Amino acid sequence: MSQRRVVIIGGGLGGLATSLRLAAQGWNVTVCEAGGSFGGKMNRWCERGFRFDTGPSLVTMPWVFAELFEALGSRLEDHLELMRLHPIAAYSYDDGTQFVHTTNMPEWLGTVRQLDRRDVDGFFRFMELGSRLYEVSKDTFLRRRPLDWMNATNPAGLTQMPWRYAWGNYHKAVAAHFSSPHLQQLFDRYPTYVGSSPYKSPATLAVIPFIEYAFGGWYIKGGLYRLVETLLEFAGQLRVTMLLKAEVARIEQDGGRVTGVQLADGTRLPADVIVMNGDASNVPALIANGNGHLKAHPMPPAERSMSGLVFLFGVKRTMPEIHHHQVFFSADYGREFAQLWDERRFPEDPTVYVNAPSRSDRSIVPDEGEILFVMANAPANDGEWNEGDIREARRRVMARLRRGGFPDIENEIVVSDVWTPRRLGSRYLMPGGAIYGTHSQGWRKAFLRPPNKDRKYQGLYYVGGSTHPGGGTPIVLRSAQITTELIGRYERA
Ligand SMILES: Cc1cc2nc3c(=O)[nH]c(=O)nc-3n(C[C@H](O)[C@H](O)[C@H](O)COP(=O)(O)OP(=O)(O)OC[C@H]3O[C@@H](n4cnc5c(N)ncnc54)[C@H](O)[C@@H]3O)c2cc1C
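Owing to the predicted nature of the structure, the values given are computational and were not obtained by experimental measurement.

Caption draft 1: Up close: the sheet that holds strand β17 (residues 370-378). Spatially, β7-β6-β15-β16-β17-β14-β18 is the arrangement adopted by the seven strands of the open sheet, whose pairing is mixed. Strand pairing shows two members of the sheet lacking a second neighbour, β7 (98-101) and β18 (413-419), which therefore form its edges. The sheet shows a mean angle of 20° between the axes of neighbouring strands, direction not considered. Where strand β14 (residues 307-315) and β17 come together, nine bridges link them in antiparallel fashion. Bridging from a neighbouring strand, Ser 307 pairs with Ala 378 of β17. Helix α14 (residues 421-428) rests against β14, β17 and β18 of the sheet, and its axis sits at about 100° to β14.

The following block contains the structure:
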């Protein structure tokens, strides 16, 4: 085995995937995770027979997950069962309109036609916009660091580029394709998948609804945390050293080359290569002196992606009347995002997402009951989120659900927990609980995220949602592949 040592700061999905890819190539790998469990935001909470995923609830691009297993000489289907969801989600609007979003084409076109017959054409054109963006980005943005795009870009591929809309505003592109206010609100929601506002994002994010429609929304049987458990089994086989409660307080360097890390308890771990899986914006403080980097967040609030407020409810009644994914839209999306982004406060009338994975998978609940993951967008501020704030936010969330006809669960709740932006920020060491690092609003922010290889320090690399290509589980796995390739290129010689 190679004596060259890599220390990975953070045991999130990107850190785990990179550790396995590098260990499979013969590197001596140590993963330092500050928290008490691995997986980062892909986390789990088990209580009284209820098994909650506390982070991601929907995965897309399933082949990206399969690619990781292939890189490890294995097959995803030998370890995990991925389930494609039908329908993807049920939507409820403030005016009482309700329908399901399905990838069954005749069914979905029937729904679109009923909402506004002109939008059938708009839907196809919007999907075409997304598909062209996907064609251009799949071998560039999503597979390589920006510096390497030009070599990879087939000039013929650029003819796919939808120049007319791509550099415009996302919401305006949606409004140009859909007349129905319901479909506009539905498609305006997709930038929130990367913690951004539809009113401030570039139209290039139209690739997100295309990917979901074309390739489906997926669930991992047993809960998404099964992926983390499986990766940990590989880590054992590949002899990766996995440290919990091991917060890296300092990155050491000598003459511009990294030499190791120092943990908060003073332990020193020498390294030839360091990979930051925690939020990239914390690195300057870790290099400077390592003192109190958690308190002084260098990323200003205006640059952060959104956070979220998540309620986890284990309810005792089985509820066949609800769907695996449901969205209850606010009455006025523009106002909701103005409150989130301009006033930087939790919305008065939040859009509420309810994920009930137990509708598709009874293995995660006791005999009876449902798991409800209830989430609303929240700004990534540094505020306190005291008991009063949580109570008021819960009242607004529950009011929205009641208005949408969601069953009254107040007397059915057996176990519950809440993740505020503050808790997200302190558990995963990310500024203000910004789930996706910097936001993707504006061309530069969407495309030129912090690079995977540090520009100044030799041997320092980045992986995960706060670096290129961005957040979301498949994109983070792509980040791990890009970073591993860069380490292979620059550190092996
Ligand atoms: C509520 C919620 C819902 C989501 N829903 C979805 C979804 O439906 N679909 C989807 O694809 N994605 C979703 N995501 C996003 C997805 O979870 C993330 O993009 C992805 O898991 C991030 O992986 P990562 O590699 O960036 O690591 P992270 O999960 O950010 O983990 C980084 C780890 O590094 C550790 N760390 C940081 N600094 C240090 C240090 N100094 N020393 C030691 N350790 C350190 C942290 O403790 C953390 O565990 C959701 C996230 C949340 C929170």
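There is more to say, and it comes next.
Caption draft 2: Highlighting the site of the ligand. The local shell around the ligand holds 35 residues, among which Gly 10, Gly 12, Gly 40, Gly 278 and Gly 464 are the closest. Contributing elements (two or more residues each) for the shell around the ligand: α1 (13-24), β14, α14 and α16 (473-491). A total of three residues in the shell around the ligand trace back to one element, the largest contributor, which is α1. Considering only residue class, the shell around the ligand consists of 15 nonpolar, 17 polar and three charged. Two domains each donate at least three residues to the shell around the ligand, and these are domain 1 (5-36 + 244-298 + 441-491) and domain 2 (43-103 + 306-435).

Caption draft 3: Fine view of helix α13 (residues 387-403). Across its 17 residues, α13 extends 24 Å between first and last C-alpha, which sits within 8% of the 24 Å expected from 1.5 Å per residue. Within α13, burial applies to Ala 393, Val 397 and Arg 400. Here the buried residues of α13 occupy an arc of 60° about the axis, which is enough to place them on one side. With respect to the buried face of α13, the exposed residues turned more than 90 degrees away are Glu 387, Gly 388, Arg 391, Glu 392 and Arg 395. Of the surrounding secondary structure, the elements contacted by the buried residues of α13 are β14, β15 (325-328), β16 (352-355) and β17. Gly 405 sits one or two positions beyond α13 and adopts a positive phi of about 85°.

Caption draft 4: Geometry of the confidence of the model for the protein. Residue-level pLDDT values for the protein average 92, and 90% of them are 70 or greater. Confidence drops under pLDDT 50 across residues 292-296; counting only partners more than four residues distant or on other chains, this segment forms five contacts.

Caption draft 5: Geometry of the sheet that holds strand β1 (residues 5-9). With respect to topology, five strands assemble into an open sheet ordered β9-β2-β1-β13-β19, the strand pairing being parallel. The sheet terminates laterally at β9 (241-243) and β19 (460-462), the two strands that pair on one side only. Averaged over all pairs of adjacent strands, the angle between strand axes in this sheet comes to 20°, irrespective of strand direction. Where strand β13 (residues 273-276) meets β19, three bridges bridge the pair, whose relative direction is parallel. When the sheet's bridge partners are listed, Val 275 is paired in β19 with Tyr 461. Where α1 meets the sheet, its contacts fall on β1, β2 (28-32) and β13, and the angle it forms with β2 comes to roughly 165°.

Caption draft 6: Geometry of the pairing of β7. Covered by surrounding structure in β7 are Phe 99 and His 101 only, the residues Gln 98 and Val 100 on the alternate face being uncovered. Across four bridges, strand β6 (residues 89-92) lies against β7 in antiparallel orientation. Within β7, the position partnered with Ser 92 by the bridge is Gln 98. In sequence, β6 turns back onto β7 through a hairpin of five residues, with Gly 96 there showing a positive phi of about 95°.

Caption draft 7: Just the packing of helix α7 (residues 170-177) against helix α8 (residues 181-188), in detail. One way to put it is that α7 packs onto α8 with a least axis distance of 9 Å and a crossing angle of 145°. Note that α7 runs across α8; the crossing there is right-handed. Across the interface between the two elements, His 171, Val 174 and Ala 175 of α7 pack against Gln 184, Phe 187 and Asp 188 of α8. Here the residues of the contact of α7 with α8 are counted per class, giving three nonpolar, two polar and one charged.

Caption draft 8: Spotlight on the environment of Val 352. Inspection of the secondary structure puts Val 352 in strand β16. Along the primary structure Val 352 and Ala 376 are separated by 24 residues, whereas in three dimensions their C-alpha atoms are 5.0 Å apart.

Definitions and limits used
- Residues numbered from 1 in each chain as written.
- Predicted model: local features only at pLDDT ≥ 70, side-chain atom pairs only at ≥ 80, totals over all residues.
- Pairing = 2+ DSSP bridges.
- Helix = DSSP H or I, 4+ residues; strand = E, 2+ residues; numbered from the N terminus.
- Axes fitted to C-alpha atoms, helices over the stretch in contact; angles between N-to-C directions.
- Contact = placed C-beta atoms within 7 Å.
- Near = placed C-beta within 6 Å.
- Nonpolar A, V, L, I, M, F, W, Y, C, P; charged D, E, K, R; others polar.
- Domains from an automatic or database assignment.
- Expected span 1.5 Å × (residues − 1).
- Buried ≥ 20, exposed ≤ 12 C-beta atoms within 10 Å, placed from the backbone.
- Arc of directions from axis to C-beta.
- pLDDT = per-residue confidence, 0-100.
- Left-handed = near helix turned anticlockwise from the far one by under 90°.

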